[in-house]
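The chain contents come next:
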Amino acid sequence: MYQEKRYLEQFDRMKRWYDRVRKISEGKEHNLPTDYYQDEVYAFFINCYHLKDWIKNDAETHVASEEVEKFVNNSEFLKVCGDLCNGSKHLTIRNPKNSRDTHIDGRHFALHLGSGPIIHIEYDVVSGNKVYDAFSLASKCVQEWEEFFEKKK
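Now for a look at the structure at hand.

Basis of the calculations
- Residues numbered from 1 in each chain as written.
- Predicted model: local features only at pLDDT ≥ 70, side-chain atom pairs only at ≥ 80, totals over all residues.
- Heavy atoms only, no water.
- Helix = DSSP H or I, 4+ residues; strand = E, 2+ residues; numbered from the N terminus.
- Rg over C-alpha atoms; globule rule 2.2 N^0.38 Å.
- Axes fitted to C-alpha atoms, helices over the stretch in contact; angles between N-to-C directions.
- Parallel < 35°, antiparallel > 145°, perpendicular 65-115°, else oblique.
- Left-handed = near helix turned anticlockwise from the far one by under 90°.
- Contact = heavy atoms within 4.5 Å.
- Nonpolar A, V, L, I, M, F, W, Y, C, P; charged D, E, K, R; others polar.
- Core = buried A, V, L, I, M, F, W, Y, C linked by side-chain atoms within 4.5 Å.
- Buried < 20%, exposed > 50% of the residue type's maximum accessible area, 1.4 Å probe, protein only.

Some remarks on the overall build of the protein chain
Part 1: Within the protein chain, the regular secondary structure consists of 6 helices and 4 strands.
Part 2: Each helix (α) and strand (β) of the protein chain, taken in turn from the N terminus, gives the series α-β-α-α-α-α-β-β-β-α.
Part 3: For 153 residues, the compact-globule formula gives about 15 Å, and the C-alpha radius of gyration of the protein chain, at 16 Å, lands near that figure.
Part 4: Seen through its principal axes, the protein chain has C-alpha atoms that stretch 50 × 35 × 25 Å.

Take a look at the structure:
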């Protein structure tokens with residue numbers, strides 16, 4: 001078995017996807033078509049949102065499903081994360097947590113040439129009447145999950 005608490009497997013996976021998003025935001029070797037980078041951003045939000053299901057399905061957590069759902073539904077950032085996840089998986093958002101129109105809208109590129117091309121990409125996430133920077137949103141989501149685990153020990 002990977003770990004005694006299986007939800008930690010998903011938590012660690014989410015953090016690896018977060019590291020990829022951080023590298024895209026801070027700058028990484030540009031060796032793929034840019035759509036691949038956006039796929040990695042979506043993959044983070046999918047893995048981040050589905051951490052709640054791993055917590056609910058792991059008998060070792062001893063956390064009630066309702067408690068996890070309440071936590072997510074009380075978080076502005078995790079609700080946007082949920083809508084990004086569901087919109088990217090199902091095309092439409094039938095039961096929005098935050099807004100039916102949640103999506104990645106803008107991409108801001110910077111390309112640095114030198115010993116090799118380094119690309120920096122910032123993505124805008126639109127949800128309702130608000131625009132979020134995707135990396136900042138991802139950072140808030142990770143922080144909120146870490147605080148949740150800290151409170152639950």
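Regarding the packing of helix H1 (residues 7–26) against helix H6 (residues 134–152)
Part 1: Taken N-terminus to C-terminus, the directions of H1 and H6 make an angle of 155°; their axes are 10 Å apart at the nearest point. The angle between H1 and H6 falls in the class roughly antiparallel. The crossing of H1 and H6 is left-handed. Listed contacts from H6 to Tyr7, Phe11, Met14, Lys15, Tyr18, Val21, Arg22 and Ser25 of H1 are Phe135, Ala138, Ser139, Val142, Trp145, Glu146 and Phe149.
Part 2: In the contact of H1 with H6, the residues fall into 10 nonpolar, 2 polar and 3 charged.

A short note on the nonpolar core
Part 1: Counting 39 residues, the largest nonpolar core has Phe44, Ile55, Leu137 and Trp145 as its most contacted members.
Part 2: Looking at this core, the elements that each hand over two or more residues are H1, helix H2 (34–49), helix H3 (51–57), helix H4 (65–73), helix H5 (76–90), strand S3 (118–127) and H6.
Part 3: Top element by residues in this core is H6. It accounts for 9 residues.
Part 4: The contact partners of Leu137, leaving out residues within four places of it in the chain, are Phe45, Phe77, Val80, Leu84, Val125 and Tyr132.

What about the side chain of Gln38?
Part 1: Residue position: Gln38 is located in helix H2.
Part 2: Contacts of Gln38, omitting those with residues within four sequence positions, involve Ile104, Arg107 and Tyr123.

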